[in-house]
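Spelled out, the chains give:
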Amino acid sequence: TLLPADGEQHEIPTVVGIFSAFGLVFSVSLFAWICCQRKSSKSNKTPPYKFVHVLKGVDIYPENLNSKKKFGADDKSEAKNKSAMPKNSLHLDLEKRDLNGNFPKTTTKMQGSPDPENSSPKHFAERKKDSVSPDSLKSITSLSSEDKQDKLGTLFFSLEYNFEKKAFVVNIKEARGLPAMDEQSMTSDPYIKMTILPEKKHKVKTRVLRKTLDPAFDETFTFYGIPYSQIQDLTLHFMVLSFDRFSRDDVIGEVLIPLAGIELSEGRLLMDREIIKRNVRKSSGRGELLVSLCYQSTTNTLTVVVLKARHLPKSDVSGLSDPYVKVNLYHAKKRISKKKTHVKKCTPNAVFNELFVFDIPCEGLDDISIEFLVLDSDRGSRNEVIGRLTLGSSAEGTGGEHWKEICEYPRRQIAKWHMLCDG
């Protein structure tokens, strides 16, 4: 066997060490170059849209932004979108933001009307003048001499539509020249209820301002989910009332604003209308109520079934009531029990079919009477009584006759229609 020389044994580790050093230097250089490239590309990249707005405290996603091309759109598509977009539409150009997410200031003027509080009186007077429709001018000029003498004041408010949030905004500013409803202090405690007709889904009211005839409310109500195309079909109903702690609140008057013909696409619109007397629009009759009663002498209970109501009057300007029935049981003219039915929405002919059982605290029905109150449900204020019916030994008309039959024929269910009287 031949053994390698000593010189050759020393040269091999030296060559391996040189190649290892060159490989290490090359690897370090390559790693440094890759890091520099990543850093430069990251500095030029626009941060994510939501991240930018979270830093600024805003989290808004425009509806007209395409999810596939939020960033990095080419110049051709950008030019095409700009040409197809109307002048007065709102558009957030994401490519024009700086690294902090700020948009550059533009000198383009919006077409909408300026804020009434910041605009000049002359400009605002012209906008207010254009907002008055011919029908409203006709209705104002057609007021009788009696209405002119009996002034109920003026209501000031503003209307606006927010296209971004699809929201209808109403600001109740103030009322001036209200009449005094309290004869002792010669003042009023006014507040305003507002309803959007005809569906009556949206009902709001302002706070009560004490002892003033010129209340400044300045309260804003925003109604979401109302498309702009439906605004023309709506009517605003303002009811001006004076709070009364010990009885029903006094109605000062009302204002009706049909939104047909009112243009809200140009911005906020300030309006004022004269307050007129409330048009209750009640029919001559109170309607009828069908009830069935049965007295069980063995268990000493009274079974009451509220069946139907028909021909109920119109209780407000919307034309329909939301009726329900309260049943009160009296013993020696003292109420000992009460029940009520469910509310039936927007109908003059309600079907209840609800049964109630009352325990009678004494033998017989001599000192017992039962009262039916038909009311109109109103979420924003106290419910109004549509009609009343009383059954008992001292009741007159059909109420007394029905009660007599119940006493004479126990354990028999007897039903009858009754005319309602004023509440």
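Quick caveat, the model's predicted, so the values are computed rather than measured.

## Observations regarding the pairing of strand E5 (residues 216-224)
Now for step 1: Side chains Phe217, Glu219, Phe221 and Phe223 of E5 all project onto a buried face; the interleaved residues Ala216, Asp218, Thr220, Thr222 and Tyr224 project onto a face where none is buried.
Now for step 2: Judged from the 7 bridges that link them, strand E2 (residues 167-176) and E5 form a sheet pairing that is antiparallel. Each bridged residue has a counterpart across the sheet, and for Asn171 the counterpart in E5 is Thr220.

## Observations regarding the sheet that holds strand E1 (residues 154-162)
Now for step 1: What the 4 strands build is an open sheet, ordered E5-E2-E1-E8; its pairing is antiparallel. With one partner strand each, in any of the chains shown, E5 and strand E8 (269-274) form the two edges of the open sheet. Taken over all neighbouring pairs, the strand axes of this sheet differ in orientation by 20° on average, direction set aside.
Now for step 2: One ladder, built from 6 bridges, connects E1 with E8; its direction is antiparallel.

## Focus: the sheet that holds strand E16 (residues 414-419)
Now for step 1: Across the sheet, 4 strands lie side by side as E13-E10-E9-E16; this open sheet has antiparallel pairing. Here the strands that pair on one side only, and so sit at the sheet edges, are strand E13 (351-359) and E16. Going across the sheet, the axis of each strand differs from the next one's by a mean of 20°, ignoring polarity.
Now for step 2: Pairing of strand E10 (residues 301-310) with E13 involves 7 bridges; the strand directions are antiparallel. The residue of E13 that forms the bridge with Val305 is Leu355.
Now for step 3: Sheet contacts for helix H7 (residues 398-408): strand E9 (288-296), E10 and E16; angle to E16, the most-contacted strand, approximately 170°.

## Describing the pattern of salt bridges
Now for step 1: The final tally for this structure, using the stated rule, is 7 salt bridges.
Now for step 2: Residues Asp189 and Arg210 are paired through a salt bridge, measuring 3.7 Å at the closest nitrogen-oxygen approach. Pair noted here: Asp189 is in the loop between E2 and strand E3 (190-197) and Arg210 is in the loop between strand E4 (203-205) and E5, with a separation of 21 residues, a long-range link.
Now for step 3: Take Asp189: its relative accessible area is 16%, and that puts it in the buried class.

## As for the nonpolar core
Now for step 1: Ranked by size, the top nonpolar core spans 33 residues in total, and within it Phe168 and Phe238 carry the most contacts.
Now for step 2: For this core, the elements supplying multiple residues, two or more each, are E1, E2, E3, E5, strand E6 (235-242), strand E7 (250-258) and E8.
Now for step 3: Once residues lying within four places of it in the same chain are set aside, the contact partners of Phe168 are Leu159, Glu160, Tyr161, Ile196, Phe221, Thr222, Phe223, Ile226, Ile231, Leu236, Leu259 and Leu264.
Now for step 4: In terms of nonpolar packing, the next biggest core, distinct from the first, is built from 29 residues, Leu293, Val325, Phe358 and Ile368 among them.

## Here's the deal with the UniProt feature "transmembrane region" (unreviewed entry) in the chain
Now for step 1: This chain's UniProt record puts "transmembrane region" (unreviewed entry) on residues 12-35.
Now for step 2: The distance separating the terminal C-alpha atoms of residues 12-35 is 35 Å; by composition the span is 100% helix and 0% strand.

## Looking at the side chain of Asp322
Now for step 1: With respect to the helices and strands, the residue Asp322 is situated in the loop between E10 and strand E11 (323-331).
Now for step 2: Looking at Asp322, its side chain comes within polar contact range of the main-chain nitrogen of Cys346, at 2.7 Å.
Now for step 3: If we skip the residues at most four places from it in the chain, Asp322 touches Lys200, Val343, Lys344, Lys345, Cys346, Leu375, Asp376 and Ser377.

## A short note on H7
Now for step 1: Within the sequence span of H7, burial applies to Gly399, Gly400, His402, Trp403 and Ile406. Down the axis of H7, the buried side of the element spans an arc of 165°, and every buried residue falls inside it.
Now for step 2: The elements touched by buried residues of H7 are E9, E10, strand E14 (368-376), strand E15 (384-392) and E16.

## Examining the packing of aromatic side chains
Now for step 1: Counted according to the given criterion, the structure contains 4 aromatic pairs.
Now for step 2: Each ring, one from Tyr161 and one from Phe163, has its centre 5.0 Å from the other, and the planes form 70°; the classification is edge-to-face.
Now for step 3: Between Phe163 and Tyr228, the aromatic rings sit 5.0 Å apart at their centres with planes inclined by 50°, giving tilted as the arrangement. Highlighted residues: Phe163 in the loop between E1 and E2 and Tyr228 in the loop between E5 and E6, separated in sequence by 65 residues.
Now for step 4: An aromatic cluster is built from Tyr161, Phe163 and Tyr228, whose rings are joined through pairwise contacts.
Now for step 5: For Arg176, the ring lying beneath its charged end belongs to Phe156, and the centroid distance is 4.3 Å.
Now for step 6: Geometry around Trp417 places Arg310 over its ring, the cationic atom sitting 3.7 Å from the centre.

Calculation rules
- Residues numbered from 1 in each chain as written.
- Predicted model: local features only at pLDDT ≥ 70, side-chain atom pairs only at ≥ 80, totals over all residues.
- Heavy atoms only, no water.
- Buried < 20%, exposed > 50% of the residue type's maximum accessible area, 1.4 Å probe, protein only.
- Helix = DSSP H or I, 4+ residues; strand = E, 2+ residues; numbered from the N terminus.
- Pairing = 2+ DSSP bridges.
- Axes fitted to C-alpha atoms, helices over the stretch in contact; angles between N-to-C directions.
- Contact = heavy atoms within 4.5 Å.
- Salt bridge = Lys/Arg side-chain N within 4 Å of Asp/Glu carboxyl O.
- Core = buried A, V, L, I, M, F, W, Y, C linked by side-chain atoms within 4.5 Å.
- UniProt positions renumbered as here; feature names shortened; annotations may be inferred.
- Polar contact = N/O pair within 3.5 Å; in protein donor to acceptor, adjacent residues only side chain to side chain.
- Arc of directions from axis to C-beta.
- Phe/Tyr/Trp six-rings, centres within 6.5 Å; stacked < 30°, edge-to-face > 60°.
- Lys NZ or Arg CZ within 6 Å of the ring centre and 35° of its normal.

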